[in-house]
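Survey of secondary and tertiary structure
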Amino acid sequence: MIKQPRLVFLLILFPAILVYSQNKRALTFKDVMQFKQIKSPVISSQGNWIAYEEHPDRGNGTAVIKSTGTDVKFSFDRGSKIKFSKDESWAAVTLKPDFAEAEKSKKKLKDELLLINTNRNNTFKYKSVLSSAFSNNAEWAAMLVAEDNKEDSSKTSLPEYAGNSLIVKSLESLKEDTISFVAEYKFDSLSTTLAYSVSDTNKLNNGLYFYSLDDDGVTAIDTSANCSVSNLSWKDNKLAYLKSFFNKNDKADTCDLKLWDGSASTLTTSADADSGWYISEQNKLEWSPSGNIIYFGYKKMLPEKYKPEDDSSDTDIFDFDKLLSKTTLNLWHWNDQLIKTNEEKEWKNKKKHLYTAVYNVEDKRLIRLADDEIPYTKHNINEQQALGNSPVPYLKLRTWDGWYSDYYTIDLSTGNRTKVIEKQQGDVELSPGGGFLVYYSDKNWFLYNIDSGSRISLTQQMNVPFADEDNDYPREPQSYGVGGWTENDEAVFIYDKYDIWKFNTRDGSATNLTGGYGRDNELTFRIKNMDKEKHYFESDEELLLTAFHNWEKYTAVYSVGADEPGVKELIKDAKKFKLLCKAEDSGDILYSRETYDEFPDLWVTSNRFGDSQRLTNLDEQREPFAWGSAELIEWNSLDGVLLQGVIIKPGNYEPGRKYPVLVYYYRFFSQRVHEFNDMVVNHRPNFPFYASNDYVVFLPDIRFEVGRPGFSATKCLVPGVQKLIDMGLADPDGIGLHGHSWSGYQTALVITQTDLFACAIAGAPVSNMTSAYSGIRWGTGLARQFQYEKSQSRIGGSLWEYPERYLENSPVFFADKIHTPLLIEFGDKDDAVPWYQGIELYLAMRRLEKDCVFLQYKDEPHHLKKYPNKLDYSIRMKEYLDHYCKGIPAPEWVIRGEPYIGN
């Protein structure tokens, strides 16, 4: 796979090009920090404008608005969150505070807003803007502005939005009205009315008001002293909202769901909640497509810890009730559904959890869909059925086995529930028409008819697998998922590894929509729905497909008719194409293309990919640097499995020279051959940075064996590295191994089995599976047992079932076999891997007088978050590799460590 003859040929024909390339300089960390990436691209409704953000890793970003048909371009320093009006005549750009000012400020600085007229180049600037919106007819803009002279909300009991003003601006006349003490606002979809709620400091005129967009008049709709109105949600000329009253602590109390019907000029209040439940102001109101149903959420009144009344005259130091009320005990019982750490996390989620309910507008009926027994529900555009999900019977199994749920269909008109699937782990999908469920179980897909209660297997009799063909976990293989439905629930699209199948819901008959082209050509086809509001595909629609080549690793774009098998190639190259967004009205598509050495610039095309136009050129940032080039190689593991990996050659590559090598890996990394590297400073090595600094970077694939995850890494890595040596690329005395988390563990284990590497870096590694097995993942509060028995660690059973597997796969028990210098990194607030796993390995190597350095970053989680720490680790990582792989003199911290210096 190495194209050595071609390199020689280029050397003969184009010596000037190679000399020029070899004069390019190495990237520095400052270069990486300043390198800009494109974020949040959007396209206007007609496709005549695009907008995006250019962000360096550190510093101010820039908002860019660009015409797709002319050379007109606007740039705004500190800009973000760009949005267009429906007619494309206006854009709103949020201006973030200056990066340096925000970093040194002790308080949060406020955003500004620019309104830009894209036709006349008029710009209007507003300070302290909290949010903004355009009306659907593009004739109005509204901005909620925080009062600059407002008293610090931390020093007052008033709600934080009290004192905010709403600016309503006509985009035709440019006239503005300002309304004081506004909490929320929302344009109706018909662009006739702007609803807003007032929360005045005197609390006398609070409530709901309408601002007429036809005559600028204001109408009080629902006002009361001391009230709060929130969650404004329009459906045509109907407005749903919540109303509550402030309690003695100036907090909104339990709410009523209210409805304003503009056609009848009536105001309706929903029924009261059941005992023990309340409607919270922290809510989400959602209309069904017809406007007959309003979805919202209840919260449950949870018990509170006993707090005795504060009586300063009470001096009884033997008051047991008062003393015991201050206990910090957590009582762990063997039969608890959840272990206490997980229960504590779930308690916080419970306090926020909304239990879905519906209000029927015509019948004026309120029905709770979710409760303690079925806490989770999903609904879509149909108004007949919702899908209920209850993990309650299986919560205990989370500790060691995984997640299970029972599934229910819930009648939206009655609330009646029917259990349809028990102890389910696989995917479950409700059809958009509400007539069917498809679900994956025991390696097959099933179709359930909600009306008849009948079910059939869709895939059991087929000779194509629909379960993960590459599954290497000690659990049932997962599915490849559902691609969507056709209109009227006539058919469902389901994926195998390569192709897309269309199943008729009437009889379960199957059609290979991609005609087997995927399996025959090792292409994985997937449907790309570019319309966020689209819930199903029309029966004769042309579907856009992404196509990933499993061996050559490029991603192309194809299409296929929803009712006509056979794919059509739209755009293909040895690159990665990403479909980003689509113009709502014209159908024009914004996309990017990238390779390791091509920046993912933005391109626009018609929906048929006839003509493509490049709109950005951030790739020019690479020009000064010796970036390097990437290619695939192949080798066999020690047990004969064919593997792939990526080699990134240095930017000033010289054929025949042996280079130091940085090996970085996790599981599958060969797909990165056509990926542009994120130009950031973090806990991972930056590939172009190392390639430009005269390293070969090697990204190998690892395939695992249940019960022997550690040796699996060794038998894949060692022959892969040997391949580089045999190719003459690698200096055999200068190869460094680096992994983080799961590959941090692999790194620690591999160096107990081979002395191939000059040094190793292990970020957040598990070192002792026997102690980690019953440790806690602090981020979720879950025990780690499930991870070893059924998930990533791939042991395949409990500690007492397979004690030898836990020992054999634990680096700490073989620390005496380590002859490779090791750098360990951990944040001591790691929420995934307990950081004492690093301490165990460090203490073992220290006791054995092995070369080991342990970097403990204070108050940091699994991935470093604080920029100074990310930069520090990146610098030390480079110094460590340079010393052991290049022979550069070691810094003092590698030789002698660093003494502790207190504050």
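Check the entry above for the structure.
Now for a description of the structure that goes with this document. (Residues numbered from 1 in each chain as written. Predicted model: local features only at pLDDT ≥ 70, side-chain atom pairs only at ≥ 80, totals over all residues. Heavy atoms only, no water.)

**What to know about the packing of helix α9 (residues 709-726) against helix α10 (residues 742-750)**
Packing of α9 against α10 brings their axes to within 9 Å, and their N-to-C directions diverge by 75°. When the axes of α9 and α10 are compared, the pair comes out roughly perpendicular. Contacts between α9 and α10 involve P709, G710, F711, A713, T714 and L717 from the first element and W742, Y745, Q746, L749 and V750 from the second. Residue composition of the contact of α9 with α10, grouped by class: eight nonpolar, three polar and no charged. (Axes fitted to C-alpha atoms, helices over the stretch in contact; angles between N-to-C directions. Helix = DSSP H or I, 4+ residues; strand = E, 2+ residues; numbered from the N terminus. Parallel < 35°, antiparallel > 145°, perpendicular 65-115°, else oblique. Contact = heavy atoms within 4.5 Å. Nonpolar A, V, L, I, M, F, W, Y, C, P; charged D, E, K, R; others polar.)

**Overview of a nonpolar patch on the surface**
On the surface, I317, F318, F320, L323 and L324 cluster together into a nonpolar patch covering about 620 Å² of accessible area. Turning to its location among the elements, F318 is positioned in the loop between β23 (293-300) and α5 (320-324). Looking at F318, the relative accessible area reads 60%, which means it is exposed. (Patch = residues over 30% accessible without salt bridge, like charges linked within 9 Å, V, L, I, M, F, W, Y side chains within 5 Å. Areas by Shrake-Rupley, 256 points an atom, 1.4 Å probe, with all protein chains shown as cover. Salt bridge = Lys/Arg side-chain N within 4 Å of Asp/Glu carboxyl O. Buried < 20%, exposed > 50% of the residue type's maximum accessible area, 1.4 Å probe, protein only.)

**Here's the deal with the state of the cysteines**
Put plainly, a disulfide is one covalent bond tying together the sulfur atoms of two cysteines. The tally for this structure, following the rule as stated, stands at zero disulfides. Looking at the unpaired C255, the closest cysteine sulfur is the one in C227, lying at 11 Å. No disulfide involves C885; its nearest neighbouring cysteine sulfur is the one of C759, lying 4.0 Å away. We classify C885 as buried; its relative accessible area is 6%. (Disulfide = S-S within 2.5 Å.)

**Some words on the environment of E860**
Mapped onto the fold, E860 is located in the loop between β55 (852-857) and α15 (867-886). Accessibility expressed as a relative area gives 1% for E860, which makes it buried. The spatial distance from the C-alpha of E860 to the C-alpha of K829 is 5.1 Å, given a sequence separation of 31 residues. When near neighbours in sequence (up to four residues on either side) are disregarded, E860 contacts G827, D828, K829, D830, K865, K866 and N869.

**Considering the side chain of T514**
With respect to the helices and strands, the residue T514 is situated in the loop between β37 (510-512) and α7 (517-521). Assessed through its relative accessible area of 1%, T514 is described here as buried. At 3.1 Å, the side chain of T514 and the backbone nitrogen of I500 are in polar contact. For T514, the side chain forms a polar contact with the side chain of N512, separated by 3.2 Å. With residues up to four places along the chain from it excluded, the contact list for T514 reads D499, I500, F525, L545 and V567. (Polar contact = N/O pair within 3.5 Å; in protein donor to acceptor, adjacent residues only side chain to side chain.)

**Things to note about the pattern of salt bridges**
One pass over the structure, following the stated rule, counts 45 salt bridges. A salt bridge links K24 to E623, with the nearest nitrogen and oxygen atoms 3.5 Å apart. Of this pair, K24 sits in the loop between α2 (15-22) and α3 (29-34) while E623 sits in the loop between β45 (612-614) and β46 (629-636), and the two are 599 residues apart along the sequence. Taking the shortest distance from any N to any O, the salt bridge between D222 and K258 comes out at 2.9 Å. Remark: K258 occurs in strand β19 (residues 256-261) and D222 occurs in strand β16 (residues 218-223); sequence separation between them is 36 residues. Assigned by exposure class, D222 and K258 land together as buried.

**A word on a negative patch on the surface**
Taken together, the side chains of E538, D540, D563 and E564 make up a negatively charged region of the molecular surface. Among the structural elements, E538 can be located in the loop between β38 (523-527) and β39 (542-549). (Lys, Arg positive; Asp, Glu negative; His and termini not counted. Charge placed at Lys NZ, Arg CZ, Asp CG, Glu CD.)

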